[in-house]
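Geometric and topological summary
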Amino acid sequence: MSDSKPALPDHLACNPRSPFHVAECFEHQIGIRLNGKERTDVEEYCISEGWVKIPSPKALDRRGQPILITLKGTVEAYYV
């Protein structure tokens, strides 16, 4: 098994329907830090714009998917 991992993109989304979804990145575990704190609930991030999107605990959109809440700050993405 090779240990080479693809470079993490500036903008990445977990949802396979998103144009920012890169399947090769999800073959490895990804860690996200927002303002120095570890986040485990991130659905999408953008490093250059400085935001992450997390699912709302209760609110759903019309398709039954959780509404995403945007949190701003310093974003760091890395492989665990």
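Residues numbered from 1 in each chain as written. Predicted model: local features only at pLDDT ≥ 70, side-chain atom pairs only at ≥ 80, totals over all residues. Heavy atoms only, no water.

- For the protein chain, an unreviewed UniProt entry supplies the name Glutathione peroxidase and the organism Photobacterium gaetbulicola.

1. Let's talk about unusual backbone geometry
- One non-glycine residue, Asn35, lies in positive phi territory at about 55°.
- Mapped onto the elements, Asn35 comes out in the loop between strand S2 (30–34) and strand S3 (37–39). (Helix = DSSP H or I, 4+ residues; strand = E, 2+ residues; numbered from the N terminus.)

2. A short note on the nonpolar core
- Counting ten residues, the largest nonpolar core is built from Leu12, Cys25, Ile32, Leu34, Val42, Tyr45, Val52, Ile54, Val75 and Tyr79.
- Of all the secondary structure elements, the ones that give two or more residues to this core are S2, strand S5 (51–60) and strand S7 (75–79).
- The residues contacting Leu12, other than those within four sequence positions of it, are Phe20, Val22, Cys25, Phe26, Ile30, Glu43, Glu44 and Tyr45. (Core = buried A, V, L, I, M, F, W, Y, C linked by side-chain atoms within 4.5 Å. Buried < 20%, exposed > 50% of the residue type's maximum accessible area, 1.4 Å probe, protein only. Contact = heavy atoms within 4.5 Å.)

3. Thoughts on the sheet that holds S2
- If you walk across this open sheet you meet the three strands as S3-S2-S7, and the pairing is antiparallel. On the outer flanks of this sheet lie S3 and S7, each paired with one strand and no other. This sheet shows a mean twist of 35° between the axes of neighbouring strands, independent of strand direction. (Pairing = 2+ DSSP bridges. Axes fitted to C-alpha atoms, helices over the stretch in contact; angles between N-to-C directions.)

4. Let's talk about the pattern of salt bridges
- Overall, the coordinates contain three salt bridges when judged by the stated rule.
- Between Arg33 and Glu38 there is a salt bridge, and its shortest N-O distance comes to 3.9 Å.
- Taking the relative accessible area as the measure of exposure, Arg33 reaches 27% and is therefore partly exposed.
- In this structure Glu38 comes out as partly exposed when scored by relative accessible area, which is 43%.
- One salt bridge connects Arg33 with Glu76, and the closest N-O pair in it is separated by 3.0 Å. Of this pair, Arg33 sits in strand S2 while Glu76 sits in strand S7, placing them 43 residues apart in sequence.
- The exposure class of Glu76 is partly exposed, given its relative accessible area of 41%.
- Put simply, Arg33, Glu38 and Glu76 are held in one network by salt bridges that share partners. (Salt bridge = Lys/Arg side-chain N within 4 Å of Asp/Glu carboxyl O.)

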